[in-house]
Amino acid sequence: MTDTFAGGGAAPEQVAPWWRSAVFYQVYPRSFADSNGDGVGDLGGLRDKLGYLELLGVDALWICPIMRSPMADGGYDVSDPRDIDPLFGSLELMDELIAEAHDRRMRVTMDLVPNHSSDQHPWFQAALAAGPGSPERARYLFRDGRGPDGGAPPNNWPSIFGGPAWTRIREADGRPGQWYLHLFAPEQPDLNWENPEVAADFEQTMRFWLQRGVDGFRIDVAHGMAKPPGLPDMETVDTRMLAHEDSDPRFNNPGVHRIHRGIRRIMDEYPHAVAIGEVWVNDNNRFGEYVRPDELHLAFNFRLAETPFAPDSIRAAVDNSLRAVTMVGASPTWTLSNHDIAREVTRYGGGAVGQARARAMMMLEMALPGAVFVYNGAELGLPNVDDLPDEVLQDPAWARSGHVERGRDGCRVPLPWEGERSPFGFTTGRPWLPIPAQWAQLTVERQLERLDSMLSLYRMAIELRAVRPEFAGPGLEWYGSPPGCLAFRRAGGLLCVLNATDSPIVLPAGEVLLSSAPITARKLPANSTAWLV
Ligand code: GLC
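Remember, predicted model here, so these are calculated numbers, not experimental data. (Residues numbered from 1 in each chain as written. Predicted model: local features only at pLDDT ≥ 70, side-chain atom pairs only at ≥ 80, totals over all residues. Heavy atoms only, no water.)

Focus on the domain arrangement of the protein chain
Once the domains are mapped, the protein chain shows domain 1 (18-115 + 195-461), domain 2 (122-181) and domain 3 (476-532). In this structure, domain 1 and domain 3 have C-alpha centres spaced 29 Å apart. Taken residue by residue, the interface counts 22 residues in domain 1 and 20 residues in domain 3. Between domain 1 and domain 3 the total buried area reaches about 1700 Å² when both faces are included, carbon and sulfur atoms providing 75% of it. Counting the contacts that link domain 1 with domain 3 gives zero salt bridges. The tally of links from domain 1 across to domain 3 stands at six residue pairs in polar contact (both at pLDDT 80 or more). Contributions of two or more residues to the side of domain 1 that touches domain 3 are made by α9 (311-326), α11 (351-367) and α14 (454-467). Among the elements that line the side of domain 1 that touches domain 3, the one with the most residues is α11, at ten residues. (Domains from an automatic or database assignment. Contact = heavy atoms within 4.5 Å. Buried area = accessible area lost by both parts, 1.4 Å probe. Salt bridge = Lys/Arg side-chain N within 4 Å of Asp/Glu carboxyl O. Polar contact = N/O pair within 3.5 Å; in protein donor to acceptor, adjacent residues only side chain to side chain. Helix = DSSP H or I, 4+ residues; strand = E, 2+ residues; numbered from the N terminus.)

This is how it looks when you write it as structure tokens:
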């Protein structure tokens, strides 16, 4: 972070905003730490672990949804956006958490979900009761069905979680009635952002949390709120679940930018705060539109997370991510995983090789200019848990796909903190997803003791990134490197070298600041990264 914390110091125009190069730590609250023994992580658990996060060295937290929710999609189905769900705590606890995080010089950002509400939200319940054509229905996307009896959905869109994106309701008289749109689960009806009431309510929600001291928001499905006029059919129906293509009419409609400009006008009244959009858009120009100066401050770029451990693809991902934002003068963001994506250790091959590559990629990521997002558990090198028993799976994609798509629970298994046996200090009860016995090797307690652990590597990398002048400057320059390798230099002088071959390479001249694997005789081992100055 480059600016001072609570005011003071240089004039605002002289310092880069704090979020530009911050390391954010993503807390999936259900899985982070449980303080009351119900097996589900909560804000009390998070508060207890703030010391750990301070030690890790992160600048800011991003807390996944903690607002009131029936939890049909892990909290992304919000029934009251201006309250904390009792499963996670209370508003008082949130206030305490914000204050304590600030005392430890960590910012707090939280998820907001503008695209849809819960079907239990009072607005949706009122819409069901009120009937076709009512102002209550106009807050959502209700339509008559097609066909003589309106028995077919209004268009052919599938839901991201499988099955149709429309559900037919029964009207008050018990007869089959209109249909409502839900791009995600039926418990997540899409809001109608053409209706000014929707924007006004979102504004109220933003102000509610900003006034409580929150430092910004991660905006869920930020490419999804605007729908194409007339809700036309998809030309080719893409029934793949959780897939994202630029040609998809369900997302990335031009009207979304007016919404973001409205959000930004409110954010600008709270100049310390940041809005970060979840934007699944590949085209560089169209991605860049979201981070124009009057829209989002930052947008997630998922290219690095979607890239295999192969130098050409990594270089292309980095180049494209940089290009997409520099065209509009915005800052890049980097992430290797999140609560929707299989964990990187597994994606890179699992086992010792997966661990080595995840270490190497983390160092590559931390060497890049911009903001970095670390998903809880990545710092422990947790793998995906792909053999969870069927009966514990909770992702709506599992049920909606007729038990074909196992969904995202494998990357949401609770963190192992200490001890030799599950639940490893995560809870005193029964964890909401079982924790593998082998994670005894991966506990925080164990990794803190070892200098060669993933956790220690994260700590060192985050610290060096924060304090060393060699990380300064925007952009980077690619540096000649042997086949199967990558090297780039930052303006401040840092040289980052990644060896993706299966044998050691000789490092260029320079002092080694950090490496993801031990270096002997100036040789960088296979599947590893070194920083030189
Ligand atoms: C986002 C979230 C995901 C959620 C979906 C619906 O993609 O990251 O977890 O299921 O939105 O809100």
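Still to come is the rest of the account.
Notes on the nonpolar core
Generally speaking, a soluble globular protein has its nonpolar side chains buried in company with each other. One finds Y25, L53, M94 and W531 to be the most contacted residues of the largest nonpolar core, which totals 151 residues. Broken down by element, the residue count for this core peaks at eight residues, all from α11. Look past the residues within four positions of L53 in its chain and what remains in contact with it is Y25, F32, L46, V58, L61 and M106. Formed by 16 residues, the second largest nonpolar core is a distinct cluster that contains W157, F161, A165 and M234. (Core = buried A, V, L, I, M, F, W, Y, C linked by side-chain atoms within 4.5 Å. Buried < 20%, exposed > 50% of the residue type's maximum accessible area, 1.4 Å probe, protein only.)

Focus on the side chain of S321
When you line up the elements, S321 lands in helix α9. In terms of polar contacts, S321 uses its side chain to reach the backbone carbonyl oxygen of A317, at 2.6 Å.

With respect to the sheet that holds strand β6 (residues 142-143)
An order of β6-β8-β7 is seen for the three strands of this open sheet, with the pairing classed as antiparallel. The open sheet has two edge strands, β6 and β7 (166-170), and neither has a second partner. As paired elements, β6 and strand β8 (residues 176-181) share two bridges and run antiparallel to each other. Note on β8: the bridge partner recorded for F142 is Y180. (Pairing = 2+ DSSP bridges.)

Some points on helix α7 (residues 256-267)
Here α7 is twelve residues long and its end C-alpha atoms lie 17 Å apart, about the 16 Å a rise of 1.5 Å per residue gives. Burial of α7 is extensive: nine of the twelve residues sit out of reach of the surface. Among the residues of α7, those classed as buried are V256, H257, I259, H260, G262, I263, R264, I266 and M267. Tucked inside the fold, the buried residues of α7 contact α6 (196-211), β9 (216-219), β10 (274-277) and α8 (284-289). (Expected span 1.5 Å × (residues − 1).)

Concerning helix α4 (residues 91-103)
For α4, spanning 13 residues, the distance from its first C-alpha to its last is 18 Å, which sits close to the expected 18 Å at 1.5 Å a residue. Of all the residues in α4, the buried ones are L91, L93, M94, L97, I98 and A101. Buried residues along α4 cover an arc of 155 degrees about the axis, so they all sit on one side. What points out from α4, more than 90 degrees from its buried face, is the exposed set E92 and D103. (Arc of directions from axis to C-beta.)

Here we look at the packing of aromatic side chains
What describes a pair of aromatic rings is the distance from one ring centre to the other and the angle between the planes of the rings. The full count for this structure, using the stated rule, is 21 aromatic pairs. The interplanar angle of 90 degrees and the centroid separation of 4.9 Å between the aromatic rings of F208 and W209 together place this pair among those described as edge-to-face. Seen from their ring centres, F300 and F373 are 4.5 Å apart, and the 55 degrees between their planes marks the pair as tilted. In this pair, F300 sits in the loop between β11 (298-299) and α9 while F373 sits in strand β13 (residues 371-375), placing the two residues 73 residues apart along the sequence. Residues F300 and F373 agree in their burial class; the two are buried. Aromatic ring contacts, followed pair by pair, group W18, F24, W62, W280, F300, F302 and F373 into a single cluster. Above the plane of the ring of W432 lies R30, whose end atom (NZ or CZ) is 4.5 Å from the centre. Above the face of the W417 ring, K49 is positioned so that its terminal group lies 4.1 Å from the ring centre. (Phe/Tyr/Trp six-rings, centres within 6.5 Å; stacked < 30°, edge-to-face > 60°. Lys NZ or Arg CZ within 6 Å of the ring centre and 35° of its normal.)

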